Amino acid sequence: MGIRYRAGLPRRHKGTKTCGELRRKHFLLSIALIFFATSCTRATNPERPPITDAPLATDLSQLPNAGQLIHDTPNGKLWTMPLRPQAESTLLFPQTPGTFAFQPVWSATTKQIAYGFIRPNTATGVVSSARIWSANLDGTSAAERAQGESPDFAGTYRDPAWAHDGRSIWATVQLPEPDERGVIRFRAEIRRIDLATGNETIVIAAGRGPALSPNGQQIAYLAADTQPADTQPADTQTERNAIWLAALDGSDPQILVAGDQFEEIYVPMRFSPDGKTIAFAAADAANQLQRTPPAPNAWRAPFDMVASWFAPTAIHAHGLYPADVWLVDVETGNLERLTNLSEDHPTPVWSPDGQHIAFAGVLGVYVIDVAQRSALRITDQGVDGQINWVGN
């Protein structure tokens, strides 16, 4: 299986040509090459400049009346935040001491959230690796949805995503594998978890961060672009990842956004409600300035030790470079830079009607009017976590 791109270089024709014909041919070839180069470049549409400012919202009328936001924090709790000026988070539901919840995602079909969850073994007290759970917004009907091939399965689950019909949850599973020197490295694969039977199916043998199209026909994910996705090296963190697009069963994979376009691409990425656009966060390859690491957070300390045991990548990994929100057209692969705000690992999510995008960062929680290309912050309090939009 080879890597497929959407464009190719024009071919030269053989044969003897006159000087005039050669000049005309060279001119046409130059025009074709210029067109090809510009079509493969991330140049931002000059008629739609990226958003560079996001003042604080001052009036409720400035914000969409479209539900609420939910998010996680480094202390392993899940929170809800209203869409109003100077919004404050409140605990979504109480959790048993010693547990850790992260990456909540909402399903409008099931009216539930799926999330990663770590808890101590009730018999031994030993902390298990992360699994996928689902629950109502108030925490009722909580149930473990993925536990691997056995209770002591060593894989770690993360990046949950709901299928459009609510019948399955998809997730990244990180698996420890020793190399030839006995050093443990981690391989990431994407699994489909059938909620009726509990059966788990490996759909993408090497990839992470699944995003499912609203029509249930496509999956987008991150995988190395240096070779075919099913032969990706075990240590995916050393490879520059691309955004791939495939059929829902994993067939016909092709690169939508090449890895060399950015210094780093983050998960999660999200399809728009109409399925035509994917929003994602990435660090611009042209920006080589390394960010200063954020100040230590007292909330994070208790989990750092546990996370180091079971997760090869921190649940809330900060990027090395300033990042922004980008849009990519699913059909053409055309890229558009939505923001130029240089935030720390923003995680964009679409509103249910597709008119807005919200994301969190160290300077607050942002709400973007996609059509108007304007942004407001509903709070100036930073949120270090993944955000999701719950509709009315």
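Residues numbered from 1 in each chain as written. Predicted model: local features only at pLDDT ≥ 70, side-chain atom pairs only at ≥ 80, totals over all residues. Heavy atoms only, no water.

## As for the overall build of the protein chain
Scanning the protein chain from N- to C-terminus turns up two helices and 25 strands. The burial tally for the protein chain puts 49% of its 392 residues in the buried class. Contacts in the protein chain between residues far apart in sequence, at least 24 positions, make up 53% of those at least 6 positions apart. (Helix = DSSP H or I, 4+ residues; strand = E, 2+ residues; numbered from the N terminus. Buried < 20%, exposed > 50% of the residue type's maximum accessible area, 1.4 Å probe, protein only. Contact = heavy atoms within 4.5 Å.)

## Topic: the confidence of the model for the protein chain
Taken residue by residue, the protein chain gives an average pLDDT of 80. The fraction at 70 or more is 73%. Averaged over each element, pLDDT in the protein chain is lowest for helix 2 (residues 301-310) (40) and highest for strand 17 (residues 270-271) (98). Across residues 228-238 the pLDDT falls below 50, and counting only partners more than four positions away or on other chains, this stretch makes 26 contacts in the model. When the criterion is pLDDT under 50, residues 288-317 qualifies, and its contacts beyond four places in sequence or with other chains add up to 47 contacts. (pLDDT = per-residue confidence, 0-100.)

## A few points about the sheet that holds strand 23 (residues 364-369)
The strand order across the open sheet built from four strands is 21-22-23-24, with neighbouring strands paired in antiparallel fashion. Only two strands of the sheet have a single neighbouring strand rather than two, namely strand 21 (349-350) and strand 24 (374-379). With two bridges joining them, strand 21 and strand 22 (residues 356-361) adopt antiparallel strand pairing. The residue of strand 22 that forms the bridge with Trp350 is Ile357. (Pairing = 2+ DSSP bridges.)

## Quick word on the packing of aromatic side chains
The description of two aromatic rings rests on the distance between their centres and on the angle between their planes. In total, this model carries seven aromatic pairs according to the counting rule given. In textbook terms, an aromatic cluster arises when at least three aromatic residues are bridged by ring pairs, as seen for Phe93, Tyr115, Phe117 and Trp133. (Phe/Tyr/Trp six-rings, centres within 6.5 Å; stacked < 30°, edge-to-face > 60°.)

## Some thoughts on the nonpolar core
One finds Ile243, Val257, Phe262, Ile265, Met269, Ile278 and Phe280 to be the most contacted residues of the largest nonpolar core, which totals 19 residues. The set of elements that each furnish at least two residues to this core consists of strand 13 (218-224), strand 14 (241-247), strand 15 (254-257), strand 16 (262-265), strand 18 (277-284) and strand 19 (323-329). Per-element tally for this core: the top contributor is strand 18, with three residues. Look past the residues within four positions of Met269 in its chain and what remains in contact with it is Gly209, Ala211, Ala220, Tyr221, Leu222, Ile243, Ile278, Ala279 and Phe280. Counting 17 residues, the second largest nonpolar core, distinct from the first, contains Leu63, Ala87, Ile378 and Trp389. (Core = buried A, V, L, I, M, F, W, Y, C linked by side-chain atoms within 4.5 Å.)

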